[in-house]
2 protein chains.
Amino acid sequence: MSSAMASVQLNGTSTGTPAAAAPFLTDAMKLINSVKTFIFDCDGVIWKGDKLIDGVPETLDMLHAMGKRLVFVTNNSTKSRKQYAKKFDSLGLNVAEEEIFPSSFAAAAYLKSVNFPSNKKVYVVGEGGIQLELTQAGISHIGGPEDGDKKIELAPGQIMDHDHHVGAVVVGFDRFFNYYKLQYATLCLRENPGCLFIATNCDAITYLTYAQEWAGGGAMVGALKATTNKEPVVVGKPSTFLMDYLASEFQINKSEICMVGDRLDTDILFGQNGSCRTLLVLSGVTSLDALQSPENSIQPDAYINQLSDLLSAKKSASA
Amino acid sequence: MSSAMASVQLNGTSTGTPAAAAPFLTDAMKLINSVKTFIFDCDGVIWKGDKLIDGVPETLDMLHAMGKRLVFVTNNSTKSRKQYAKKFDSLGLNVAEEEIFPSSFAAAAYLKSVNFPSNKKVYVVGEGGIQLELTQAGISHIGGPEDGDKKIELAPGQIMDHDHHVGAVVVGFDRFFNYYKLQYATLCLRENPGCLFIATNCDAITYLTYAQEWAGGGAMVGALKATTNKEPVVVGKPSTFLMDYLASEFQINKSEICMVGDRLDTDILFGQNGSCRTLLVLSGVTSLDALQSPENSIQPDAYINQLSDLLSAKKSASA
């Protein structure tokens with residue numbers, strides 16, 4: 001980052017940037033006082049991989065002390081709510097399972113919201129989190145990791161059998177995606193009448209490690225879109241399902257929510273699609289250059305460098 | 001098929017079907033006399049899996065004897081021209097390698113047509129046919145089947161290295177598609193400047209066995225479209241690349257070509273995109289019901305039950 005850009009950030013002026021570009025958040029107290037709920041993306045906001053981002057515990061404590069409701073969402077479907085609660089705990093953060101909403105949970109919540117029949121089951125393309133959430137919701141499921149090593153040895157006239165009681169295919173990021181799962185899910189979607197096609201997310205990239213960009217859950221969804229000519233219901237960000245669910249579950253007014261995230265096309269769009277306030281942090285995948293690029297059409301209400309900037313704002317206000 | 005429909009076929013009348021629906025070909029001799037070249041799709045026209053369709057050898061012999069040029073195309077990229085020539089031979093058909101154009105060959109021909117630099121290489125997502133054609137064309141390549149068993153064992157901070165000399169990713173049907181190949185191809189397409197994205201086809205389904213529909217090469221392409229936000233150059237049917245190539249290679253006039261195939265959205269569209277005559281055979285994946293469905297917008301010039309209908313037409317004309 002150039003020093004000129006650094007000074008733009010620090011001073012909160014927008015000299016040299018397009019008029020529509022989001023400003024640096026100069027009056028954090030005003031934002032904090034104007035909302036009742038903060039929804040945080042996790043990776044790039046709270047932690048990076050397995051490392052807590054500096055100042056996060058103190059910032060969350062401050063917001064809690066000010067009576068704010070804190071909610072955590074992530075498009076990562078490889079873990080369940082319970083597994084995420086353990087991760088928060090291992091990082092020294094006191095967050096309850098009920099405050100965490102991964103897209104694995106969103107998939108199960110969506111199925112419950114449409115009264116998924118109890119005599120039907122789900123075929124899972126994805127890792128363990130989706131299965132755990134479906135089990136928790138009392139929904140039968142097959143597939144998932146146990147199909148990760150399956151291969152199709154072809155013989156003339158061969159047919160792959162599939163379960164005609166599969167009423168939904170849930171697709172999440174899957175490092176063990178293979179042709180067996182692709183064909184099984186395709187058969188369910190093409191041949192089982194009314195079979196639902198549910199995507200936890202359509203992200204192009206994900207951060208398995210922060211050292212580089214990794215192919216994301218959009219790949220598995222894209223493969224199945226191509227074989228079925230169907231469009232999935234997306235339950236993760238930036239679709240509005242989870243925001244509507246949160247607003248209903250906690251009886252909160254969307255205009256009193258601030259969505260905080262590090263990605264423009266998922267987090268900030270999620271907030272905007274839900275008519276919430278939006279705050280970008282630069283501690284994750286979006287750089288100031290990317291935010292201010294003429295090619296970027298998604299502008300948050302404001303941006304900060306990292307979550308703990310809110311903490312220093314409080315200190316300044318109290319000084 | 002209902003007897004009413006059978007009678008529509010046999011009589012060549014279109015009673016009860018929409019005005020725009022393609023008629024049964026009643027005057028095969030007129031068609032044969034009006035064109036100089038026949039382009040045949042293979043699977044569903046010449047053979048089904050490993051079984052030759054009745055009457056094909058005699059029909060091809062007749063067309064040859066009448067001085068017609070016969071050319072064979074297939075979107076299947078798992079075999080090379082040479083491998084297909086062996087398959088024709090094993091079925092008792094005398095077809096030269098140079099008359100066969102699988103999409104594996106089309107991918108190599110496309111790279112040659114754009115003067116793919118000799119210091120660059122191709123990353124292959126697909127089976128053996130693509131590799132053999134690239135080698136035949138003198139183009140370096142990596143990936144393909146040898147990456148079929150590779151897995152990514154994650155460690156903190158891990159990076160997947162990739163070859164910065166990869167100047168094109170060629171994607172074909174791949175029964176051994178996995179996350180390793182997905183990530184490798186994604187890195188090449190996202191990070192190597194100007195890297196070409198070439199799809200042998202975007203077929204939703206393929207016929208590994210004729211006992212059912214199997215997820216097709218569109219899946220692997222769809223996965224990479226999702227991770228790169230790029231659109232591929234498609235070299236197989238129904239794109240016009242191969243038709244233009246054939247017209248140029250053989251110095252043939254497209255209006256004197258008849259494209260014969262069993263699939264509306266690949267074969268017939270390929271012929272129509274190339275301004276050729278089009279003839280559908282019902283010996284493959286398209287049923288008369290599907291052809292005449294109000295939902296079908298692709299109508300060939302005419303249809304026959306199977307290729308040997310041309311033979312009986314000749315016999316009737318000579319009688």
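Residues numbered from 1 in each chain as written. Chains lettered and ligands numbered in written order. Predicted model: local features only at pLDDT ≥ 70, side-chain atom pairs only at ≥ 80, totals over all residues. Heavy atoms only, no water.

Caption draft 1: Just the overall build of chain A, in detail. The secondary structure content of chain A amounts to 12 helices and 15 strands. With the principal axes as the frame, chain A shows a C-alpha extent of 75 × 35 × 30 Å. Residue burial in chain A is summarised as follows: out of 319 residues, 57% are buried. In the structure as shown, chain A presents an accessible area of about 13,100 Å², 49% of it carried by carbon and sulfur atoms. Counting 27 positive and 34 negative side-chain charges, chain A places the centres of these two groups 3 Å from one another. (Helix = DSSP H or I, 4+ residues; strand = E, 2+ residues; numbered from the N terminus. Buried < 20%, exposed > 50% of the residue type's maximum accessible area, 1.4 Å probe, protein only. Areas by Shrake-Rupley, 256 points an atom, 1.4 Å probe, with all protein chains shown as cover. Lys, Arg positive; Asp, Glu negative; His and termini not counted. Charge placed at Lys NZ, Arg CZ, Asp CG, Glu CD.)

Caption draft 2: Up close: the relation of the copies chain A and chain B. The two copies are related by a screw operation: chain A maps onto chain B through 180° of rotation and 0.0 Å of translation along the axis, at an RMSD of 0.0 Å. A rotation of that kind, with that shift, is consistent with a two-fold axis. (Least-squares fit on C-alpha atoms with pLDDT ≥ 70 in both.)

Caption draft 3: Seen up close, helix 6 (residues 128-136) of chain A. All names here are of chain A. Those residues of helix 6 not exposed but buried are Gly-129, Ile-130, Gln-131, Glu-133 and Leu-134. Those residues of helix 6 that are buried lie in contact with helix 4 (81-90), helix 5 (103-113), strand 6 (121-125), strand 7 (140-143) and strand 8 (166-171). Downstream of helix 6 by one or two residues, Gly-138 has phi in the positive range, about 75°. (Contact = heavy atoms within 4.5 Å.)

Caption draft 4: Just the packing of aromatic side chains, in detail. This model, assessed by the stated rule, comprises 32 aromatic pairs over all chains. For the ring pair Tyr-207 of chain A and Tyr-210 of chain A, a centre distance of 4.8 Å and an interplane angle of 20° mean the geometry is stacked. The exposure class assigned to Tyr-207 of chain A is buried, which follows from its relative accessible area of 12%. Here Tyr-210 of chain A falls in the partly exposed class, since its relative accessible area comes to 24%. For the ring pair Trp-47 of chain B and Tyr-84 of chain B, a centre distance of 6.2 Å and an interplane angle of 5° mean the geometry is stacked. Here Trp-47 of chain B, found in strand 2 (residues 47-48), pairs with Tyr-84 of chain B, found in helix 4 (residues 81-90); they are 37 residues apart in sequence, far enough to count as distant. (Phe/Tyr/Trp six-rings, centres within 6.5 Å; stacked < 30°, edge-to-face > 60°.)

Caption draft 5: Up close: the pattern of salt bridges. Counted according to the given criterion, the structure contains 26 salt bridges over all chains. A salt bridge links Glu-256 of chain B to Lys-36 of chain B, with the nearest nitrogen and oxygen atoms 3.7 Å apart. Residue Glu-256 of chain B is found in the loop between helix 9 (241-250) and strand 13 (257-261), and its partner Lys-36 of chain B is found in the loop between helix 2 (28-34) and strand 1 (37-41); the two are separated by 220 residues along the sequence. Since its relative accessible area comes to 26%, Glu-256 of chain B is described here as partly exposed. In this structure, the salt-bridge partner of Asp-244 of chain B is Lys-254 of chain B, at a minimum N-O distance of 2.5 Å. Note that Asp-244 of chain B is positioned in helix 9 and Lys-254 of chain B in the loop between helix 9 and strand 13, a separation of 10 residues in sequence. Assessed through its relative accessible area of 35%, Asp-244 of chain B is described here as partly exposed. In this structure Lys-254 of chain B comes out as partly exposed when scored by relative accessible area, which is 25%. Linked through salt bridges whose partners overlap, the residues forming this network are Asp-41, Lys-237 and Asp-267 of chain A. (Salt bridge = Lys/Arg side-chain N within 4 Å of Asp/Glu carboxyl O.)

Caption draft 6: Just the interface of chain A and chain B, in detail. Taken together, the contacts link 38 residues of chain A with 38 residues of chain B. With both chains or domains summed, chain A and chain B bury close to 3,200 Å², and 60% of this area falls on carbon and sulfur atoms. Looking at the side of chain A facing chain B, the largest losses of area belong to Arg-175, Tyr-179 and Trp-214 of chain A, adding up to 20% of the total buried there. Summed over the shared surface of chain A and chain B, the number is 4 salt bridges. One salt bridge in this structure joins Arg-190 of chain A and Glu-213 of chain B, with 3.0 Å as the shortest N-O distance. Among the elements that take part in the side of chain A that touches chain B, helix 8 (residues 218-228) of chain A stands out by supplying 7 residues, more than any other. In terms of residue class, the side of chain A that touches chain B is made up of 20 nonpolar, 12 polar and 6 charged. (Buried area = accessible area lost by both parts, 1.4 Å probe. Nonpolar A, V, L, I, M, F, W, Y, C, P; charged D, E, K, R; others polar.)

Caption draft 7: Region of interest: the domain arrangement of chain A. All names here are of chain A. Parsing chain A into structural domains produces domain 1 (3-75 + 238-318) and domain 2 (106-234). One C-alpha centre belongs to domain 1, the other to domain 2, and the line joining them spans 32 Å. Across the domain 1/domain 2 interface, buried area totals approximately 990 Å², and carbon plus sulfur atoms make up 59% of it. Taken together, domain 1 and domain 2 are joined by 0 salt bridges. For the pair domain 1 and domain 2, the interface holds 4 residue pairs in polar contact (both at pLDDT 80 or more). Residues of the side of domain 1 that touches domain 2, tallied by class, amount to 4 nonpolar, 6 polar and 4 charged. (Domains from an automatic or database assignment. Polar contact = N/O pair within 3.5 Å; in protein donor to acceptor, adjacent residues only side chain to side chain.)

Caption draft 8: View of the packing of helix 7 (residues 179-191) of chain A against helix 8 of chain A. Residue and element names in this part refer to chain A. Between helix 7 and helix 8, whose axes approach to 10 Å, the crossing angle comes to 50°. With respect to helix 8, the axis of helix 7 lies oblique. In the crossing of helix 7 with helix 8, the sense of the turn from one axis to the other is right-handed. Judged by residue contacts, Leu-182, Ala-185, Thr-186, Leu-189 and Arg-190 of helix 7 engage Ala-223, Leu-224, Thr-227 and Thr-228 from helix 8. In terms of residue class, the contact of helix 7 with helix 8 is made up of 5 nonpolar, 3 polar and 1 charged. (Axes fitted to C-alpha atoms, helices over the stretch in contact; angles between N-to-C directions. Parallel < 35°, antiparallel > 145°, perpendicular 65-115°, else oblique. Left-handed = near helix turned anticlockwise from the far one by under 90°.)

Caption draft 9: Fine view of the sheet that holds strand 14 (residues 277-281) of chain A. All names here are of chain A. Sheet architecture is open: 6 strands sit in the order 5-4-1-13-14-15, paired in parallel fashion. The strands lining the two open edges of the sheet, one partner per strand, are strand 5 (100-102) and strand 15 (302-304). Averaged over all adjacent pairs, the angle separating strand axes in this sheet is 25°, with direction ignored. Taken together, the 4 bridges between strand 13 (residues 257-261) and strand 14 define a ladder with parallel strand orientation. By the bridge assignment, Met-259 is partnered in strand 14 with Thr-278. (Pairing = 2+ DSSP bridges.)

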